[in-house]
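Topology and contacts: notes
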Amino acid sequence: DPLPPPPRVTKLTAYFPWDTDLGGLKRAFLEFLPVLAESFGPGPEGFLSATEITDSGWAEKWKEHFHARKVGRRIVIKPSWEAVAPGVGEVVLTVDPGQAFGTGTHETTRMCLRFIEDVFDLRPAPRTVLDVGTGTGILGIAAARLGATAVLGIDTDPVAVEVAGMNAERNGVAGPFRAEGTSLAALRGGHDLGLGNLIAEILADLAADLVARCVPGGHLVLSGILAEKAAWVSDEFRRHGATPVSEAADGQWAALLLRRIA
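Right, let's walk through the structure included here. None of the values given here were measured: they were computed from a predicted structure. (Residues numbered from 1 in each chain as written. Predicted model: local features only at pLDDT ≥ 70, side-chain atom pairs only at ≥ 80, totals over all residues. Heavy atoms only, no water.)

Some points on the overall build of the protein
Helices and strands together make up the secondary structure of the protein, namely seven helices and ten strands. Looking at the protein as a whole, 39% of its 262 residues are labelled buried. Of the contacts formed within the protein by residues at least 6 apart in sequence, a portion of 63% connects residues at least 24 apart. In the form shown here, the protein has an accessible surface area of approximately 14,500 Å², with 56% of it arising from carbon and sulfur atoms. (Helix = DSSP H or I, 4+ residues; strand = E, 2+ residues; numbered from the N terminus. Buried < 20%, exposed > 50% of the residue type's maximum accessible area, 1.4 Å probe, protein only. Contact = heavy atoms within 4.5 Å. Areas by Shrake-Rupley, 256 points an atom, 1.4 Å probe, with all protein chains shown as cover.)

Printed below as a string of structure tokens:
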């Protein structure tokens, strides 16, 4: 979130593969210092230290911290290495941590998933869904598993588009869910439900386009919003024809459920 940066940066720690040419990396860093200095002022003239770290099985140990968890009334998220039998009415999503955002562990993702459940409890339930900044595809995949017949996930990051497509296949929704690098402005037509787990500033910038891509009477689920900015984001969407339905907060984060009224 583009809040004012700290007054100074005290330490930068970087990790590289064990066979990296640190000498070449240092030379490249020193050549880049003048470019950094244009924006941030002069910096240190070289690396202060380099230490080799022994591999302690980190590739497997980090998995100890990711387990299946229920994030709403019906949605359960699990990693691929755990087997989970769904309970009555539950939907189990398989999502592994990786390079794209959205595994269900972050507060903003959890709040979005709970609002998505709320919208799918309505009648008629949404059939078409747009997930902007899809990341792992978790929100759009959840919508597809809850009954949406056509879900489009868009993202400016090609890695996210690839990951979302793979996750859709893994969760058995590659038919209704597709991921693309298309921009929001380039899309045509409306959707019953729009999803955006971004940041407050980006959501405010996209407000007009997001509302326009939602059919009258359709809903928007928004998050990635610092709690103190929720009212501002809500006002921006209200200016473009979306009225607040509900708001949720979790720690420093907020999420909004809105409905397009015209």
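A look at the pairing of strand β7 (residues 191-197)
Two faces make up the sheet, and in a regular strand the side chains alternate between them. With respect to burial, β7 is a largely interior element, six of its seven residues being buried. The pairing of strand β4 (residues 128-132) with β7 spans four bridges and is parallel. Bridged to Leu130 within β7 is Gly194. As judged from the six bridges shared by β7 and strand β8 (residues 214-226), these two strands associate in the parallel manner. Each bridged residue has a counterpart across the sheet, and for Leu193 the counterpart in β8 is His219. (Pairing = 2+ DSSP bridges.)

Considerations on the pattern of salt bridges
Two side chains with opposite charge may pair up if their charged atoms get near one another. Applying the stated criterion across every chain, the model contains ten salt bridges. For Lys70, the salt bridge is made with Glu90, and the minimal N-O distance between the two is 3.1 Å. Taken together, the residues span a long stretch of sequence, with Lys70 in strand β1 (residues 69-70) and Glu90 in the loop between β2 (75-78) and β3 (91-94) at a distance of 20 residues. Owing to a relative accessible area of 45%, Lys70 belongs among the partly exposed residues under this scheme. Judged by relative accessible area, Glu90 falls into the partly exposed class, the value being 22%. Between Asp118 and Arg73 there is a salt bridge whose closest N-O contact spans 3.0 Å. Placement of the pair is Asp118 in helix α3 (residues 107-120) and Arg73 in the loop between β1 and β2, with a sequence separation of 45 residues. The class of Arg73 is partly exposed, set by a relative accessible area of 44%. (Salt bridge = Lys/Arg side-chain N within 4 Å of Asp/Glu carboxyl O.)

What about the sheet that holds strand β6 (residues 177-180)?
The seven strands lie next to each other as β6-β5-β4-β7-β8-β10-β9, forming an open sheet whose pairing is mixed. Of all the strands in the sheet, just β6 and β9 (242-250) have a single pairing partner and so form its edges. Averaged over all pairs of adjacent strands, the angle between strand axes in this sheet comes to 15 degrees, irrespective of strand direction. With respect to the sheet, helix α6 (residues 200-212) is in contact with β4, β7, β8, β9 and β10 (253-260), its orientation differing from that of β8 by roughly 175 degrees. (Axes fitted to C-alpha atoms, helices over the stretch in contact; angles between N-to-C directions.)

Some details on the environment of Trp253
Relative to the helices and strands, Trp253 resides in strand β10. The class of Trp253 is buried, set by a relative accessible area of 16%. Considering only alpha carbons, one finds Trp253 and Leu226, 27 residues apart in sequence, at a separation of 4.7 Å. When residues no more than four places from it in sequence are discounted, the contact partners of Trp253 are His106, Glu107, Thr108, Met111, Gly224, Ile225, Leu226, Ala227 and Ala248.

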